[in-house]
Amino acid sequence: MNKSFAPADKVALTSLAAALVAKDLDQALVPVLAAARQGRLDLAELISFADRLSGARRSDDAIGLYRTWLANTRSPLAFAACFNLGVILSNAKDTAGAEAIYRQALEINPGFVQARLNLGSMLEQRLQPELAVEQWRLAVVTLEAAATPDKSLLTHALNHMGRVLELQREFQQAEQALTKSLACDPKQADVILHLVHLRQKQCEWPVYKPLRGISKQELMESTSALAMLSASNDPAMQLAVAQRFVDTKVVKNVAALCDRSGYGHQRLRIGYLSSDLCLHAVAILTAELFELHDRSQFEIYAFSWSREDNTPMRARLLKAMDHYVPIKDMGDEEAARCIRTHEIDILIDLQGQTSGARASILSYRPAPVQISYLGFPGPAALPEVDYVLADSYVLPPEL
């Protein structure tokens, strides 16, 4: 819901029109702020000018304008200004401020579902998942009570509930939420993907029991590559679902960032790509490997978007790396360019098509040699992977 909200009944611009449309934002901001302090700036004018400030990357000024308006204007539509301010604060990573202002919007208008959805997102970001789910539940109740429920908002709330409940290992409740979402809109491949995996996690057989409006074939086609490893031992089926992920989710046909001829470093620079460098099975299996690399021949990097779980395993992994480079807040292309600047000779992807995968980083070819290892023991179909490191159990010779 990260977009501005504008009420339908916009009013005509006042005598401040000249200032509001002036090209010089600094000059225009003075009378606009003055009008906001005097309580004579209407909501439509506020939103219009604040959007211009945000578009000019002047979020602080937009925030100040909204706060001034809210402090000096009494309007039944103030919940809309609160919502827009919350969006700006959220984009500025001020989750505490965004949470507070979304709550203010709901005090003014308890039925304002958009604010409740965003409040849930802020609570999740502030590591309060149970409270986030409760807000989304309240949103669902409000929406279902409407004479004509907004299906897009309803599926939005249910999908967030299902996602977080799955992370909380509340699998049955998560499945119920996603089933309701698919009843609203059965054409949600990503939701079907999670539903199938939830059934597997609960040993709920048959996994491919059809739902109303969703056939067994559609359930199979929407299965994730990871889930298919246990759903079918047919390599062709495993490859097919992996390829669908690549076709729909992975960036393709972009220019390579590196020269395939390499760099000629005296010590080869090995980079590991993973979101699991914390208390996770991949970390448990690789911690000693990282420690035992011969530092006279290799320099070891981690490019990671792992969570900070403050465990001894996490501390051990950080210590085992010569360089730990967090890429959590980078986009895929930015992360790839970061890897390229470090002149990595061999990039080893520990993720494959598992949860949190960022396969598009590999698409930009940030390293001359790119290898898949360990995290995903199946066909990942990633076009920019040169080699798979495997044994005869993971990759039988006949396959």
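These lines cover the structure that appears in this document, whether it is placed above or below. No experiment lies behind these values; they were computed from the predicted model shown.

Here's the deal with the layout of surface pockets
By volume, the largest pocket is sized at about 2600 Å³. Together, 47 residues line the largest pocket, and Leu167, His194, Ser355, Gly356 and Ala357 are the ones closest to its centre. Mapped onto the lining of the largest pocket, the elements with two or more residues apiece are helix 7 (113–125), helix 9 (151–167), helix 11 (189–201), helix 13 (225–231), helix 14 (235–249) and helix 15 (281–292). Broken down by element, the residue count for the lining of the largest pocket peaks at 6 residues, all from helix 11. For the lining of the largest pocket, the per-class residue count stands at 17 nonpolar, 17 polar and 13 charged. When its volume is computed, the second largest pocket comes out at roughly 580 Å³. What lines the second largest pocket is a set of 25 residues, among which Pro377, Gly378, Pro379, Val394 and Leu395 lie closest to the centre. Mapped onto the lining of the second largest pocket, the elements with two or more residues apiece are helix 14, strand 5 (369–373) and strand 6 (387–389). The biggest single contributor to the lining of the second largest pocket is helix 14, with 4 residues.

Overview of the environment of Lys93
Mapped onto the elements of the fold, Lys93 is located in the loop between helix 5 (78–91) and helix 6 (95–108). Expressed as a C-alpha distance, the spacing of Lys93 and Val164, which sit 71 residues apart in the sequence, is 20 Å.

Quick word on the packing of aromatic side chains
Here the structure, examined in full by the defined rule, presents 5 aromatic pairs. Every member of this aromatic cluster is reached through a ring pair, and the members are Phe79, Phe83, Tyr102 and Phe112. We note Arg358 situated over the ring of Trp305; from NZ or CZ to the ring centre the distance is 5.4 Å.

Focus on unusual backbone geometry
With an omega of -5 degrees, the peptide bond between Trp205 and Pro206 qualifies as cis. By the secondary structure assignment, Pro206 is in the loop between helix 11 and helix 12 (216–221). In this model, Arg169 sits at a positive phi of 65 degrees, which is unusual for a non-glycine residue. Along the polypeptide, Arg169 turns up in the loop between helix 9 and helix 10 (171–184). Judged by relative accessible area, Arg169 falls into the exposed class, the value being 63%. At Ala381, a position not held by glycine, the phi torsion is positive, near 60 degrees. Residue position: Ala381 is located in the loop between strand 5 and strand 6. According to the relative accessible area criterion, Ala381 is partly exposed, its value standing at 21%.

Examining the side chain of Glu99
Mapped onto the elements, Glu99 comes out in helix 6. Apart from the residues lying within four places of it in its own chain, the contact partners of Glu99 are Leu119, Met122, Leu123, Arg126 and Gln128.

Describing the packing of helix 3 (residues 43–55) against helix 5
Two packed helices can be described by the angle between their axes and the distance between those axes. The geometry of helix 3 relative to helix 5 is characterised by a closest axis approach of 11 Å and an angle of 10 degrees between their N-to-C directions. The orientation of helix 3 relative to helix 5 falls into the category roughly parallel. Contact residues: helix 3 offers Leu43, Leu46, Ile47 and Ser54, while helix 5 offers Ala80, Ala81, Asn84 and Ile88. The residue inventory of the contact of helix 3 with helix 5, partitioned by class, reads 6 nonpolar, 2 polar and no charged.

So, how was this worked out
- Residues numbered from 1 in each chain as written.
- Predicted model: local features only at pLDDT ≥ 70, side-chain atom pairs only at ≥ 80, totals over all residues.
- Heavy atoms only, no water.
- 1 Å grid on protein atoms, 1.4 Å probe; cavity = no way out; pocket = protein on both sides within 12 Å on 5 of 7 lines; lining within 4 Å.
- Points joined across faces, edges and corners; volume = space filled by probe spheres on them.
- Helix = DSSP H or I, 4+ residues; strand = E, 2+ residues; numbered from the N terminus.
- Nonpolar A, V, L, I, M, F, W, Y, C, P; charged D, E, K, R; others polar.
- Phe/Tyr/Trp six-rings, centres within 6.5 Å; stacked < 30°, edge-to-face > 60°.
- Lys NZ or Arg CZ within 6 Å of the ring centre and 35° of its normal.
- Buried < 20%, exposed > 50% of the residue type's maximum accessible area, 1.4 Å probe, protein only.
- Contact = heavy atoms within 4.5 Å.
- Axes fitted to C-alpha atoms, helices over the stretch in contact; angles between N-to-C directions.
- Parallel < 35°, antiparallel > 145°, perpendicular 65-115°, else oblique.

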